[in-house]
Amino acid sequence: MRFYYSDFSADQPVKNNHAMLEVTVDERTRTLNDSLKRLNLAMGASHQAWFDIDVASGDVLVSDEYARMLGYDPQTFKLTVPVWEAALHPEDKERILAEFDRLMNHGEACETEFRIQTAAGGWMWQQGIGEAVEWIDGRPSRVIGINTDITRQKKIEALDMTRNRVLELLLEGSSLEAILEAIIETIEMQSPGSLGSVLLLDEKTNRLYTGAGPNLPAFYNDAIDGVEIGEMVGSCGRAAYTGERVIVSDIDNHPNWAPFLELTDKANLRACWSEPVLGANNKVLATFAIYHNQPHAPEDEDIKLIEFAAQLVAIAIERHKTDEKLQLSARIFNETHESIMVTDIQGSIVEVNGRFSELTGYSADEVIGQKPGLLSSGRHPRSFYDDLWMHLRNDGHWQGKSGTAIRMAISMPF
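Let us look at the structure shown here. (Residues numbered from 1 in each chain as written. Predicted model: local features only at pLDDT ≥ 70, side-chain atom pairs only at ≥ 80, totals over all residues. Heavy atoms only, no water.)

## Observations regarding the packing of aromatic side chains
Next up, step 1: Tallied over the entire structure, the rule returns 7 aromatic pairs.
Next up, step 2: Among the aromatic residues, those joined into a ring-pair cluster are Tyr220, Trp257, Phe260 and Tyr291.
Next up, step 3: The lysine or arginine in question, Lys154, covers the ring of Trp125, its NZ or CZ lying 4.7 Å from the ring centre.
Next up, step 4: Cation over ring: Lys266 sits above Phe219, and NZ or CZ is 4.5 Å from the ring centre. (Phe/Tyr/Trp six-rings, centres within 6.5 Å; stacked < 30°, edge-to-face > 60°. Lys NZ or Arg CZ within 6 Å of the ring centre and 35° of its normal.)

Given below as structure tokens:
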């Protein structure tokens with residue numbers, strides 16, 4: 001009897017090859033997925049997201065971080081070119097769409113900065129880099145790129161520019177109101193939907209007076225002008241009274257604002273955060289306030305922003321007060337009926353007033369740089385001059401007595 005059998009061993013290598021191929025594909029897929037996860041994690045940590053545009057359909061594939069950056073749920077977020085265009089900031093739209101057109105239709109790689117609206121209605125600054133990677137009939141068919149959240153960087157730049165602008169205005173001798181309005185303008189730009197206000201404290205009356213509030217209703221500024229400070233007086237009245245920050249996230253339901261609800265309702269104000277402006281020795285000079293038209297609680301960035309604003313307001317107010325004192329001193333110096341001479345610590349004359357020249361006959365040019373001895377009448381003993389300089393060094397001033405050759409006050413700065 002013969003036995004016949006079939007040898008299927010020839011098929012075994014094929015099966016093995018298929019199995020090996022499947023394993024290889026699985027391993028490479030896992031490796032690719034792991035690499036993509038690591039890439040997404042790294043980009044998310046650096047506030048970056050990738051996008052991939054199908055030019056023909058206008059559909060946009062984005063990483064989960066793109067949705068999260070804008071405040072959306074990655075699982076439900078869908079993006080198309082028209083949706084992206086509609087979210088661009090009005091002031092950036094024309095410029096950005098022109099650059100986007102060159103990228104999508106001509107393949108010109110681009111790198112640009114723009115603002116885009118978030119889910120919460122605010123604006124995020126992004127840096128976008130795009131490049132065409134596939135072409136059909138000489139036209140781009142696929143565009144990829146990266147968007148980076150640069151909002152924080154832009155805020156820092158804006159605050160630095162504000163600080164420099166305030167210093168420029170101070171050097172130019174601009175009015176206090178103009179400087180305060182410049183500060184408010186920047187803060188309002190950094191905090192969309194906010195309305196800024198500065199109230200100046202009159203320490204003699206304990207009342208707050210409007211320093212600046214350019215975008216608050218005029219009737220509101222007029223109504224609170226001269227309000228007396230107190231622990232239960234709104235946000236600014238309490239901040240000035242206690243010297244501490246006051247956060248009212250819901251004006252309509254806060255006891256401090258109960259007496260003012262008719263006014264705030266008319267002005268459509270629903271939240272107010274007030275920061276006391278402190279000068280030397282922590283003395284309250286004013287308040288800086290942020291209003292919102294909806295109930296609104298501040299975040300950490302908001303607190304830093306109003307602290308920054310309060311510091312700039314303090315600089316402006318103290319410089320303004322210093323200028324006023326200098327102007328007053330200059331008027332007294334020039335208009336007094338007494339002859340005044342100012343010397344340095346070496347005893348050389350550095351300044352004289354008009355009355356000095358009238359009484360002595362010496363012009364300012366003739367005596368500046370000279371020693372006071374040129375005025376000696378010879379009628380006084382050496383002890384007279386020793387006593388004069390002793391008083392100058394000890395008291396910073398000397399007043400002549402009647403009977404001297406010239407009645408004058410001499411002061412010397414130390």
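## Quick word on the sheet that holds strand E9 (residues 227-228)
Next up, step 1: Taken in spatial order, the 6 strands make up an open sheet running E9-E8-E7-E12-E11-E10, and their pairing is antiparallel. Each having just a single partner strand, E9 and strand E10 (246-248) make up the two edges of the open sheet.
Next up, step 2: Taken together, the 7 bridges between strand E7 (residues 194-202) and strand E12 (residues 284-292) define a ladder with antiparallel strand orientation. Bridging from a neighbouring strand, Leu195 pairs with Tyr291 of E12.
Next up, step 3: Most of the contacts of helix H6 (residues 176-190) go to E7, to which it runs at about 145 degrees, and overall it touches E7, strand E8 (207-212) and E12. (Pairing = 2+ DSSP bridges. Helix = DSSP H or I, 4+ residues; strand = E, 2+ residues; numbered from the N terminus. Contact = heavy atoms within 4.5 Å. Axes fitted to C-alpha atoms, helices over the stretch in contact; angles between N-to-C directions.)

## Focus: unusual backbone geometry
Next up, step 1: Although it is not a glycine, Asn206 adopts a positive phi angle of roughly 55 degrees.
Next up, step 2: In this fold, Asn206 is placed in the loop between E7 and E8.
Next up, step 3: Residue Asn206 is classed as partly exposed on the basis of its relative accessible area of 37%.
Next up, step 4: For Asn268, which is not a glycine, the phi torsion comes out positive at approximately 55 degrees.
Next up, step 5: Structurally, the position occupied by Asn268 is in the loop between helix H9 (261-267) and strand E11 (271-278).
Next up, step 6: A relative accessible area of 36% places Asn268 in the partly exposed class. (Buried < 20%, exposed > 50% of the residue type's maximum accessible area, 1.4 Å probe, protein only.)

## A few points about the nonpolar core
Next up, step 1: Core analysis: the largest hydrophobic core is formed by 31 residues, its most contacted members being Ile183, Ile187, Val277, Phe288 and Val313.
Next up, step 2: Among the elements of the structure, helix H5 (151-172), H6, E11, E12 and helix H10 (300-335) are those that each provide at least two residues to this core.
Next up, step 3: Examining the composition of this core, we find that 11 residues originate from one element, H10, more than from any other.
Next up, step 4: Beyond its immediate chain neighbours, meaning those up to four positions away, Ile187 contacts Ser194, Phe288, Ile290, Leu305, Phe308 and Ala309.
Next up, step 5: Core analysis: the next-biggest nonpolar cluster, separate from the first, contains 25 residues, Ile53, Val81, Ile96 and Ile116 among them. (Core = buried A, V, L, I, M, F, W, Y, C linked by side-chain atoms within 4.5 Å.)

## Section: the pairing of E12
Side-chain positions along a regular strand alternate between the two faces of the sheet.
Next up, step 1: The element E12 is extensively covered by neighbouring structure, given that 9 of its 9 residues are classed as buried.
Next up, step 2: Looking at chain direction, E11 and E12 are connected through 8 bridges and run antiparallel. Paired with Cys272 across the strands is Tyr291, a residue of E12.
Next up, step 3: Joining the antiparallel neighbours E11 and E12 is a turn of 5 residues, in which Asn281 adopts a positive phi near 60 degrees.

## A few points about the pattern of salt bridges
Next up, step 1: This model, assessed by the stated rule, comprises 20 salt bridges.
Next up, step 2: The salt bridge involving Arg95 is made with Glu99; its shortest N-O contact spans 3.9 Å. Residue Arg95 and its partner Glu99 are located together in helix H4 (residues 90-106), separated by 4 residues, close to a single helical turn.
Next up, step 3: For Arg95, a relative accessible area of 35% corresponds to the partly exposed category.
Next up, step 4: Glu231 is the salt-bridge partner of Arg238, the closest N and O atoms lying 4.0 Å from each other.
Next up, step 5: Residue classification places Arg238 among the partly exposed positions, given a relative accessible area of 28%.
Next up, step 6: Within the structure, one salt-bridge network assembled from shared partners comprises Glu91, Asp92, Arg95, Glu99 and Arg115. (Salt bridge = Lys/Arg side-chain N within 4 Å of Asp/Glu carboxyl O.)

## Structural notes on the pairing of strand E2 (residues 59-62)
Next up, step 1: Of the two faces of E2, the one holding Val60 and Val62 is buried and the one holding Asp59 and Leu61 is not buried anywhere.
Next up, step 2: The pairing of strand E1 (residues 48-54) with E2 spans 3 bridges and is classified as antiparallel. Note on E2: the bridge partner recorded for Asp52 is Leu61.
Next up, step 3: Following E1, the chain reverses through 4 residues before pairing antiparallel with E2; Gly58 in that reversal takes a positive phi of roughly 80 degrees.
Next up, step 4: Note that E2 and strand E3 (residues 79-80) share 2 bridges and pair antiparallel. Paired with Asp59 across the two strands is Thr80, which belongs to E3.

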